[in-house]
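Close look at the chain arrangement
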Protein chains: 2
Amino acid sequence: MVDNSVLELNLGLGNNNNNNNVVVGGDAHAHAGQSPRQRCPAPFLLKTYDLLEEGESEDMTRIVSWNEEGSAFVVWSPAEFSEHTLRRYFKHNNFSSFIRQLNTYGFKKMSSKRWEFKHEKFQRGCRHMLSEIRRKKCEPSVFPAYLKSSSEENATEENNQQLLMEENKNLKKERLELQMQIDECKALEIKLLACLSQFVDTQQTKIRRLC
Amino acid sequence: MVDNSVLELNLGLGNNNNNNNVVVGGDAHAHAGQSPRQRCPAPFLLKTYDLLEEGESEDMTRIVSWNEEGSAFVVWSPAEFSEHTLRRYFKHNNFSSFIRQLNTYGFKKMSSKRWEFKHEKFQRGCRHMLSEIRRKKCEPSVFPAYLKSSSEENATEENNQQLLMEENKNLKKERLELQMQIDECKALEIKLLACLSQFVDTQQTKIRRLC
DNA sequence: GGGAATATTCCC
DNA sequence: GGGAATATTCCC
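Residues numbered from 1 in each chain as written. Chains lettered and ligands numbered in written order. Predicted model: local features only at pLDDT ≥ 70, side-chain atom pairs only at ≥ 80, totals over all residues. Heavy atoms only, no water.

1. Examining the packing of aromatic side chains
Residue and element names in this part refer to chain A. In this structure the tally under the stated criterion is 34 aromatic pairs over all chains. Considering the side-chain rings of W115 and F117, the 6.5 Å spacing of their centres and the 25° angle between planes classify their relative orientation as stacked. On the basis of relative accessible area, W115 is assigned to the partly exposed category, the value being 21%. Over the face of the ring belonging to W115 we find K109, whose NZ or CZ atom lies 4.5 Å from the ring centre. (Phe/Tyr/Trp six-rings, centres within 6.5 Å; stacked < 30°, edge-to-face > 60°. Buried < 20%, exposed > 50% of the residue type's maximum accessible area, 1.4 Å probe, protein only. Lys NZ or Arg CZ within 6 Å of the ring centre and 35° of its normal.)

Take a look at the structure:
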């Protein structure tokens, strides 16, 4: 009889084996480029949250820590923070890049006297709220107000065009996906045929022997 | 007393002291984010060029090198290249990220048999040509031509729209065809599986009879 | 603080 | 290969 496992084996063509994805430093953090639709918070937020939490148990609270109430965090020593903490959690050691990210995610600096940053949804013990924090988006094609004035007709037309381009983009994406599906199907067909052929041979031999 | 070096380090927010930007090998490379208007080539290109040139003098040609004519370069050992070279010149060690960049800058893969990449303006001994290589831009805005005068602009726009609609229509047609192909493939699969299954049964019976 | 360019990642 | 999201850098 045909080994079932052989048949099953070939059906798993569509799986995404991303194992070749080498992320160094053994971090279990999410990766850049992940779709924001997923519940998973941005890597930056997870890393920042985790470095605070992991800092609690170590001797790191003199460098960075939650504030008294856990409603914000304070970088007590930017130099050490950059050299040790940033280097450990991120791909750089520039304090200003870290701050750029904080701003991107809507954090506010609380005091001019110390590096204290706050965000509604970024609080001690509330890791689950991180996924509610969104990047500020960069207003892809908002045109300056003074150019908008020409007429509403123009605006409508431009809007139309925008929609068309959107649809166009989606169609191209769909096309790619369909094409890939077809490729998979074809590959599967080839495997099935090979499997069938091999089985026929095997059986033929068996029968011949039995005769 | 407070260590001065610690204090100084913290002030580097506004000014661009990228000295803490640890890219090994004492590089004089430009940095990301620099304006493309400047004559300076993209950091990625400089780094890639330099790693080839610096490799010449060392024992690195077995990992990566120019090809015979110096018209392209070959990564002979992607594993070592990633671990050793990428890690040294970039902020990662993913070969696929490197390739993504090559594609962004318009390099072409020359052979399916080895990792050879070519770009018109990327050749041995021609460091000065690097500044002529441009990133492929990503369709920055829906309407790149705001600043044109509206009279001739209108015609262009209408023409654009027409083209868009045309493309759109074709894409939808293509989609339908692809979908039909998929349906056929699936039907064929089912038939093949049925065929296989039936054949198995028949043979089983035959063999049982012969035993 | 944020705009914009380049870099890196993930995905199709 | 390339689209698109996030990350990092540079600049105002």
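Okay, back to it.
2. Thoughts on the sheet that holds strand β4 (residues 115-118) of chain B
Residues and elements named next belong to chain B. Across the sheet, which stays open at both edges, the four strands sit in the order β1-β2-β4-β3 with antiparallel pairing between neighbours. Both edges of this open sheet fall to β1 (64-66) and β3 (108-109), since each of them pairs with a single strand only. Bridge analysis of β1 against strand β2 (residues 73-75) gives three bridges, and the strand direction is antiparallel. Paired with S65 across the two strands is V74, which belongs to β2. The sheet contacts of helix α4 (residues 95-104) involve β2 and β4, and relative to β4 the element is tilted by about 25°. (Pairing = 2+ DSSP bridges. Helix = DSSP H or I, 4+ residues; strand = E, 2+ residues; numbered from the N terminus. Contact = heavy atoms within 4.5 Å. Axes fitted to C-alpha atoms, helices over the stretch in contact; angles between N-to-C directions.)

3. Points about the pattern of salt bridges
Applying the stated criterion across every chain yields a total of 12 salt bridges over all chains. We note a salt bridge from E132 of chain A to K121 of chain A, for which the minimum N-O separation is 3.0 Å. In this pair, E132 of chain A sits in the loop between β4 (115-118) and α5 (145-148) while K121 of chain A sits in the loop between β4 and α5, placing the two residues 11 residues apart along the sequence. Using a relative accessible area of 28% as the deciding quantity, one classes K121 of chain A as partly exposed. Between E83 of chain B and R87 of chain B there is a salt bridge, with the nearest N and O atoms lying 3.1 Å from each other. Taken as a pair, E83 of chain B and R87 of chain B lie in helix α3 (residues 78-89) at a separation of four residues, close to a single helical turn. In the salt-bridge network here, residues are joined through shared partners; they are D59, R62 and E80 of chain A. (Salt bridge = Lys/Arg side-chain N within 4 Å of Asp/Glu carboxyl O.)

4. Points about the UniProt feature "domain: HSF-type DNA-binding" (unreviewed entry) in chain A
The residues that UniProt annotates with the feature "domain: HSF-type DNA-binding" (unreviewed entry) are residues 86-110 of chain A. Along residues 86-110 of chain A one finds 56% helix and 8% strand; the C-alpha atoms at either end are 21 Å apart. (UniProt positions renumbered as here; feature names shortened; annotations may be inferred.)

5. Some remarks on a positive patch on the surface
Together, R100, K108, R135 and K136 of chain A line one region of the surface with positive charge. Within the secondary structure layout, K108 of chain A lies in strand β3 (residues 108-109). (Patch = residues over 30% accessible without salt bridge, like charges linked within 9 Å, V, L, I, M, F, W, Y side chains within 5 Å. Areas by Shrake-Rupley, 256 points an atom, 1.4 Å probe, with all protein chains shown as cover. Lys, Arg positive; Asp, Glu negative; His and termini not counted. Charge placed at Lys NZ, Arg CZ, Asp CG, Glu CD.)

6. Structural notes on α4 of chain B
All names here are of chain B. Among all positions in α4, only F95, F98, I99, L102 and T104 are buried. On its buried face, α4 is in contact with α2 (43-57), β2, α3 and β4. Just downstream of α4 lies G106, where phi reads positive at about 85°.

7. Side note on the pairing of β4 of chain B
All names here are of chain B. Both β2 and β4 contribute to a ladder of three bridges, which runs antiparallel. Bridge pairing in β4 places F73 opposite F117. Direction of pairing for β3 relative to β4: antiparallel, over a ladder of two bridges. Counted as the bridge partner of K109 is F117 from β4. Connecting the antiparallel pair β3 and β4 is a turn made up of five residues.

8. Quick look at the confidence of the model for chain A
Residue and element names in this part refer to chain A. A residue-level look at chain A finds 67% of positions with pLDDT of 70 or above and a mean pLDDT of 75. Mean pLDDT in chain A bottoms out at helix α1 (residues 4-9), which sits at 38, and peaks at helix α4 (residues 95-104), which reaches 98. Note that residues 1-28 has pLDDT below 50 and, in this model, 26 contacts with residues that lie over four places away or in other chains. Confidence drops under pLDDT 50 across residues 30-38; counting only partners more than four residues distant or on other chains, this segment forms 10 contacts. (pLDDT = per-residue confidence, 0-100.)

9. Remarks on a negative patch on the surface
On the surface, E53, E54, E56 and E58 of chain A cluster together to form a negatively charged patch. Of note, E54 of chain A is situated in helix α2 (residues 43-57).

10. Observations concerning α3 of chain B
All names here are of chain B. By the burial criterion, the buried members of α3 are F81, S82, T85, L86 and Y89. Seen end-on, α3 carries its buried residues on one side only, within an arc spanning 125°. Against α2, β1, β2 and α4 lie the buried residues of α3. (Arc of directions from axis to C-beta.)

11. Some thoughts on the sheet that holds strand β2 (residues 73-75) of chain A
All names here are of chain A. Spatial ordering of the open sheet is given by β1-β2-β4-β3, a layout of four strands whose pairing is antiparallel. Here the strands that pair on one side only, and so sit at the sheet edges, are β1 (64-66) and β3. Across the sheet, α2 lies against β1 and β2, angled at about 95° from β1, the strand it touches most.

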